[in-house]
Amino acid sequence: MRQNVTVLGATGSIGKSTLDVLARHADAFKVFALSANTQVDMLFEQCIQHQPTYAVMVDATCAAQLSDKLKQAGSAVEVLSGEQALIDIASDTEVDQVMAAIVGAAGLLPTLAAAKTGKRVLLANKEALVMSGQLFMQAVHDHGAELLPIDSEHNAIFQSLPLGYGQDPSYQQQIEKILLTASGGPFRGWQFDALSKVTPKQAVKHPNWSMGQKISVDSATLMNKGLELIEACWLFDVAPKQIEVVVHPESIIHSLVQYVDGSVICQMGNPDMRTPIAYGLAWPERIHSGVKPLNLFEVAQLNFETPDHQTFPALKLAAQAFETGGTAATVLNAANEIAVAGFLREQIAFTSISDLIDETLNACTIEAADSLEVILQADAWARRFVEERIQS
Ligand code: NAD
Ligand code: MG
């Protein structure tokens with residue numbers, strides 16, 4: 001039986017890589033549904049190639065345009081619109097796997113819906129987990145969902161942990177620490193003062209990975225590593241102090257697990273997201289991903305550095321937010337999304353991103369993050385707070 005797969009955020013960087021892998025294995029997987037925010041033409045092309053049952057565009061006007069184009073092309077793909085439609089394609093009884101690749105908090109409700117209906121959830125959308133960690137992990141547990149990390153570092157950690165980790169608490173005693181690798185982003189080695197003048201174009205130019213704009217800016221501020229630290233704490237049930245961030249500029253080792261006997265296990269490979277995506281889709285088996293084999297002689301050298309917390313305060317802000325608990329990480333994530341959008345519109349300086357997040361965390365009231373209502377309220381409050389700061 002073929003597995004039915006819904007790809008949320010199909011037109012993004014992760015979405016396109018997912019469809020590339022799926023197209024290589026049409027015998028094993030069927031594309032059940034695709035979604036996009038506003039990119040009509042790209043979603044149209046994807047529908048023609050992959051013939052999903054449903055295509056969802058959040059925007060109603062875009063959905064109408066897509067529907068017209070598909071009808072003219074004689075396609076039977078059914079087009080839906082709105083946020084509820086995203087939830088529907090993530091939780092449909094026919095769906096086996098959901099690739100959660102919408103960027104930011106917009107992905108929370110459909111990703112949570114996939115968890116609540118016991119799907120295999122391929123989690124790229126780290127923001128969903130960061131903003132609702134406790135609730136999300138509880139939903140996965142209560143509804144028997146399979147949560148497989150697609151973020152390359154977390155996928156590497158997952159691959160480096162013993163099978164059954166998570167079910168057997170004794171495994172945790174055997175782990176000394178998790179080494180979370182970071183490329184350092186485009187401004188590695190820069191001084192703080194020089195960063196105040198960098199442009200969005202410079203910030204989105206990542207040295208090793210080709211990614212969406214928001215995560216590229218997050219990689220430049222190191223907030224991406226901050227979000228990933230929180231993501232790792234929830235996924236692997238560890239505290240921030242058990243995780244060490246290691247700057248590894250080549251992005252060949254994707255993270256490591258250090259054990260009490262001195263062994264350090266890691267996963268390596270070329271920086272191409274199709275590897276973790278293929279791993280998630282086929283787990284526990286392995287399938288071809290289209291990724292170029294790693295040539296160690298070409299790589300020749302692997303380097304490691306400690307992160308520069310002075311120049312990149314975002315990493316510490318994230319660790320503190322996780323330690324604070326409750327809605328602090330929700331607020332951190334929302335403040336970051338709005339600040340990054342403000343930077344991309346050239347309304348604030350690069351260095352103001354972390355300043356604004358810090359200010360927002362200092363101003364907010366932290367509450368227990370045990371209901372969706374509380375989480376969505378904290379998210380909305382932080383968005384308004386930062387937007388007002390940007391406009392003033
Ligand atoms: P992207 O910007 O390239 O794509 C985002 C996708 O989400 C697009 O399909 C877009 O149409 C859709 N989208 C955007 N806003 C939406 C909204 N409000 N409602 C519904 N859909 C919306 O982003 P990306 O780089 O593919 O990243 C996606 C997620 O995966 C992010 O959470 C990111 O942190 C994570 N991730 C990405 C990479 C990578 O290599 N790109 C690696 C690890 C994790
Ligand atoms: Mg990552």
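In the block above lies the structure referred to throughout.
Here's a quick rundown of the structure.

What counts as what
- Residues numbered from 1 in each chain as written.
- Chains lettered and ligands numbered in written order.
- Predicted model: local features only at pLDDT ≥ 70, side-chain atom pairs only at ≥ 80, totals over all residues.
- Heavy atoms only, no water.
- Salt bridge = Lys/Arg side-chain N within 4 Å of Asp/Glu carboxyl O.
- Helix = DSSP H or I, 4+ residues; strand = E, 2+ residues; numbered from the N terminus.
- Buried < 20%, exposed > 50% of the residue type's maximum accessible area, 1.4 Å probe, protein only.
- Pairing = 2+ DSSP bridges.
- Axes fitted to C-alpha atoms, helices over the stretch in contact; angles between N-to-C directions.
- Contact = heavy atoms within 4.5 Å.
- Phe/Tyr/Trp six-rings, centres within 6.5 Å; stacked < 30°, edge-to-face > 60°.
- 1 Å grid on protein atoms, 1.4 Å probe; cavity = no way out; pocket = protein on both sides within 12 Å on 5 of 7 lines; lining within 4 Å.
- Points joined across faces, edges and corners; volume = space filled by probe spheres on them.
- Nonpolar A, V, L, I, M, F, W, Y, C, P; charged D, E, K, R; others polar.
- Domains from an automatic or database assignment.
- Core = buried A, V, L, I, M, F, W, Y, C linked by side-chain atoms within 4.5 Å.

1. Quick notes on the pattern of salt bridges
So, step 1. In total, this model carries 17 salt bridges according to the counting rule given.
So, step 2. In this structure, Lys-225 engages Glu-153 in a salt bridge whose closest nitrogen and oxygen atoms are separated by 2.9 Å. Taken together, the positions of Lys-225 in helix 12 (residues 223–236) and Glu-153 in helix 7 (residues 152–160) put the pair 72 residues apart, joining distant regions of the chain.
So, step 3. Classification of Glu-153 by relative accessible area gives buried; the value is 8%.
So, step 4. With a closest N to O distance of 2.8 Å, Arg-383 and Asp-379 form a salt bridge. Of the two residues, Arg-383 and Asp-379 are both situated in helix 18 (residues 372–391); the distance of four residues between them amounts to about one turn of the helix.
So, step 5. It is possible to trace a salt-bridge network through shared partners that takes in Lys-126, Asp-151, Glu-153, Lys-225 and Glu-228.

2. Remarks on the sheet that holds strand 2 (residues 29–36)
So, step 1. The strand order across the open sheet built from seven strands is 4-3-2-1-5-6-7, with neighbouring strands paired in parallel fashion. Two strands in the sheet have a free side with no partner beyond their single neighbour: strand 4 (78–81) and strand 7 (146–149). Strand-to-strand, the axes of this sheet are offset by a mean angle of 20°, without reference to chain direction.
So, step 2. As paired strands, strand 2 and strand 3 (residues 54–57) are joined by four bridges and run parallel to one another. By the bridge assignment, Ala-36 is partnered in strand 3 with Met-57.
So, step 3. Its contacts with the sheet put helix 3 (residues 60–72) on strand 3 and strand 4, and the angle it makes with strand 4 is roughly 175°.
So, step 4. In this fold helix 5 (residues 108–116) packs onto strand 1 (3–8), strand 5 (97–100) and strand 6 (120–123), with an angle of close to 145° to the strand it touches most, strand 6.

3. Looking at the packing of aromatic side chains
So, step 1. In total, this model carries eight aromatic pairs according to the counting rule given.
So, step 2. Ring centres of Phe-187 and Phe-350 lie 5.2 Å apart, and the angle between their planes is 80°; on these two criteria the pair is classed as edge-to-face. Of the two residues, Phe-187 sits in the loop between strand 8 (175–182) and helix 9 (192–195) while Phe-350 sits in the loop between helix 16 (328–344) and helix 17 (352–363), which places them 163 residues apart along the sequence.
So, step 3. Between Trp-381 and Phe-385, the ring centres sit 5.1 Å apart and the planes meet at 25°, which makes this aromatic pair stacked. Here Trp-381 pairs with Phe-385, and both are found in helix 18, just four residues apart, close to one helical turn.
So, step 4. On the accessibility criterion, Trp-381 (29% relative accessible area) is partly exposed.
So, step 5. Phe-385 sits in the buried class, given a relative accessible area of 11%.
So, step 6. The structure contains a cluster of three or more aromatic residues connected by ring pairs, namely Phe-187, Trp-190, Phe-343 and Phe-350.

4. Some words on the layout of surface pockets
So, step 1. In this model, the second largest pocket occupies a volume close to 970 Å³.
So, step 2. In terms of lining residues, the second largest pocket is bounded by 30 residues, among which Met-137, Tyr-165, Gly-166, Gln-167 and Leu-235 are the most central.
So, step 3. Sorting the residues of the lining of the second largest pocket by element identifies helix 6 (126–142), strand 7, helix 7 and helix 12 as the ones contributing at least two each.
So, step 4. Of the residues belonging to the lining of the second largest pocket, the class tally is 20 nonpolar, seven polar and three charged.
So, step 5. Built from parts of two domains, the lining of the second largest pocket gets at least three residues from each of domain 1 (3–150) and domain 2 (158–391).

5. Looking at the nonpolar core
So, step 1. Ranked by size, the top nonpolar core spans 88 residues in total, and within it Leu-332, Phe-350 and Ile-353 carry the most contacts.
So, step 2. At 10 residues, the largest contribution of residues to this core is made by helix 16.
So, step 3. Residues lining this core come from more than one domain, with at least three contributed by each of domain 1 (3–150) and domain 2 (158–391).
So, step 4. Non-local contacts of Ile-353, meaning those with residues more than four positions away in its chain, are made with Val-217, Thr-221, Asn-336, Ala-339, Val-340, Phe-343 and Ile-348.
So, step 5. Core analysis: the next-biggest nonpolar cluster, separate from the first, contains 34 residues, Val-21, Ala-36, Phe-44 and Ile-150 among them.

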